[in-house]
Every structure is written in structure tokens, then in C-alpha cells.
Amino acid sequence: MSRLNATIKLVVLLGDAVFLILSIGLMILSGLTNSGRITELNFDLAKRLASIVLLASIILLSLTIYGCCGSLNQTVRTGFCSGRRSLCFHQLILIVILVVSIVQTNLLERRETSVNMVIENQEQFTSFDSFEIKLDAFFNREYFDSVCPGTIQSPGTGNHFAIKWVDEYCPHTMRSQECLNVACKYNSNSSTNTLASVLCPNQDRCINQSLTKSCPYYKCRIPILEKVKDILSPTVLVLRSISILSGIMVICTCLLICYNPRDDIEIELLKTGVMTEEDVENIRKLKRSSSSGSSRKFSYEKVPCESMGGYLVLTPDRKGRSRSYYLERHKTKMDEVTQG
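Treat the numbers as computed from the prediction; the structure is a model and nothing was measured.

Novice: How should the packing of helix α4 (residues 130-147) against helix α5 (residues 160-169) be read in this particular structure?
Specialist: To describe two helices that pack against each other, one gives the angle between their axes and the distance between the axes. In contact at an axis separation of 9 Å, α4 and α5 are set at 105° when each is read in the N-to-C sense. Considering the angle they form, α4 stands roughly perpendicular to α5. Together, Phe139, Glu142, Tyr143, Ser146 and Val147 of α4 and Ala162, Ile163, Trp165 and Val166 of α5 make up the contact between the two elements.

Novice: Where do I start with a nonpolar patch on the surface in this structure?
Specialist: A cluster of nonpolar side chains, namely Phe89, Leu92, Val96 and Val100, defines an oily patch on the protein surface of about 340 Å² accessible area. Within the element layout of this structure, Phe89 appears in helix α3 (residues 83-120). Looking at Phe89, the relative accessible area reads 36%, which means it is partly exposed.

Novice: I'm lost on the pattern of salt bridges in this one. Help?
Specialist: What the rule picks out here adds up to three salt bridges. Here Arg111 makes a salt bridge to Asp129, at a shortest N to O gap of 3.4 Å. Of this pair, Arg111 sits in helix α3 while Asp129 sits in the loop between α3 and α4; the two residues are 18 residues apart in sequence, bridging distant segments of the chain. Of the residues examined, Asp129 reaches a relative accessible area of 29% and is grouped as partly exposed.

Novice: I would appreciate a short explanation of the packing of aromatic side chains in the present structure.
Specialist: Aromatic ring pairs are reported here in terms of the distance separating the ring centres and the angle at which the planes meet. Under the counting rule described, the total for this entry stands at six aromatic pairs. Ring geometry for Trp165 against Tyr169: centres 5.2 Å apart, planes inclined by 35°, an arrangement best described as tilted. Of this pair, Trp165 and Tyr169 are both found in helix α5, four residues apart, which corresponds to roughly one turn of the helix. For Trp165, a relative accessible area of 11% puts it in the buried group. Using a relative accessible area of 46% as the deciding quantity, one classes Tyr169 as partly exposed. Three or more aromatic residues joined by ring pairs make a cluster, and in this case those are Phe139, Tyr143, Phe144, Trp165 and Tyr169.

Calculation notes
- Residues numbered from 1 in each chain as written.
- Predicted model: local features only at pLDDT ≥ 70, side-chain atom pairs only at ≥ 80, totals over all residues.
- Heavy atoms only, no water.
- Axes fitted to C-alpha atoms, helices over the stretch in contact; angles between N-to-C directions.
- Helix = DSSP H or I, 4+ residues; strand = E, 2+ residues; numbered from the N terminus.
- Parallel < 35°, antiparallel > 145°, perpendicular 65-115°, else oblique.
- Contact = heavy atoms within 4.5 Å.
- Patch = residues over 30% accessible without salt bridge, like charges linked within 9 Å, V, L, I, M, F, W, Y side chains within 5 Å.
- Areas by Shrake-Rupley, 256 points an atom, 1.4 Å probe, with all protein chains shown as cover.
- Salt bridge = Lys/Arg side-chain N within 4 Å of Asp/Glu carboxyl O.
- Buried < 20%, exposed > 50% of the residue type's maximum accessible area, 1.4 Å probe, protein only.
- Phe/Tyr/Trp six-rings, centres within 6.5 Å; stacked < 30°, edge-to-face > 60°.

All quantities given are derived from atomic positions and should not be read as evidence of function.
This is the structure in C-alpha cells:
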């Protein structure tokens, strides 16, 4: 039973180690994002999300360390870091992580399915759902702020990653250099030029008049959704793995909470009335003094001489020889040990 408990405890500690590494990794990623060192995430929305992730990572790190203390102090029944108290709180956090990860996994899976449907048949899905409406507003704002700002005399000088990505994946007429194009200039100053509205995104028609087909997102819809798909697929995989790990840890933590270690012989004798608490304390002192730093175990033997009003505690020394300690007790108690 003790070996099974040790195995379960090892599984919980390994799971905590995974969450520990995950939280530290997210903290580092969030810090790099907030500092602007990751060019792909150097925009306001990413930095706001990074701040939230950083706070969540610190909380997860603290709770994971507390859960580790609970596992290591599994059989400790008193104190702030007592085993059951820490493990119960740790299990509650694991249940929250399990529920959140399952809900988010289902949500992202549905989102991935809808994105795939639009990619495969854009003509059928001309209208935007709630997700695409938010994505449309975000990309349009980022495009006009970074790639093709209101000053038509020069190309975009904002988010370099956005400029590079648009130049690489979006239609030719959306590239930053096309802000210098005569047609795009004309398009930016007129809402009636049909050719220009087809060629270039129009900030006035897109933002002020809400004409979707004049917006950057609509003209680069498929490449954007393919990029979103590339992000969603590994995210779903990670969340699914976290769900499985959290579920296993919830079960294992429950088993650790319910575990009661087998009593030592002296505790069993204390419960049966053979020993007193003072005797148990004396034996524990002998254990600490004689087997400190070694793996020697105590055993209990009957006293051969009935006139000795007590019992012997035997333990092998480092050379394998038997050493005995005699604890004086009343003869009636000795009779009970002898009869047992």
C-alpha cells in the first residue's frame, strides 16, 4: 500500500512540475511581450493579454508550490501546510483548471471548425460571425495604423511585423508600398472611384461607411483565417493535454487525501493500552538518537526474564549486530506484551 501511495504521490509531483514549468514559461513569454522584444506581438492588444497571462502565471506558480508542499507533507495533520488541507485546496484549483480547459477546448474546437468552413467555401459564408466581427475590427485598425496610415505620402512605419506579414500574405494592392499608388491615393480621397475601391482598402468607406468589401480584412480574409487556424490547432492540443493532466491529478490528489499511513508498532501498542504516550516518546527518542542518518529499523521482542518489568526495543547497528534498549514498565503491562 505504501508503494502505491508513493507512486501516486510521484505522479502528482510530476504533474505539479509540468504546471511549474508551464507557469514559468508563460511568465517569461509575458515579460518579453510587455518589453516589446517579440516583434510579432508588439502591439497593444498582445501587451494587455500578456499582462493578464503574467498575473495568472504568478498565481498558478504560487498554487503549484503550495500543492507540492501538500504532497510532501501528506501525512502531516497539523499546521498551515498540513497534508490534507493543502491537498484539498490544491484539488479545488485543479478542478477549476480542468473545467476551464474543457470549456475552452470545446470553444476553440468549434471556432476551428467554423474557420475551416470559411476557408474551404468563402463564397457561401459572406457574412461574419461574432468572432470574425472582432477580428475584422482589430485587423482593419492595425492595418490603417501600421501598414497604410492616413498620411499617404509614405508607406507604413508602425508595427514592422504587421507590415511584413501583409506584404507577404495579403494581395499585392494591400502592401505598404501601394500606399504611394495613385489609385490608392485617389481611393483614399474619393468614395466613388469603383476601380480604386476594388484595388485598395479604403479607410473612409471601411470605417465611416461600414462597407465591408472596402476593408483590409475582407480583401485578405483567407490568409488571415489560415493564420488563425495555425494558432488554434496547437492551442487546442495544449488545452486538451492540460485537461487530461488535470483530470489525472484530481483523481490522484483525491487518493492522497484519503490515504492514512499504517501505524507504527508503538502506536498500535498505545491504542491497545499496552504503552503510554511517555513510552512512545521514549522510543521515538531512541530511534532518532540511534538510527540518525541510517536506514535501521526497530523491532520489538519479548523479554526472556519474566522478572524484568518491561520490554526490549531491538535495532541492528551499522555492522548488523543487535543492540537492545530496555524500557522499564510495570509487570502487569509486561504480561500483556508477553501474551500478545
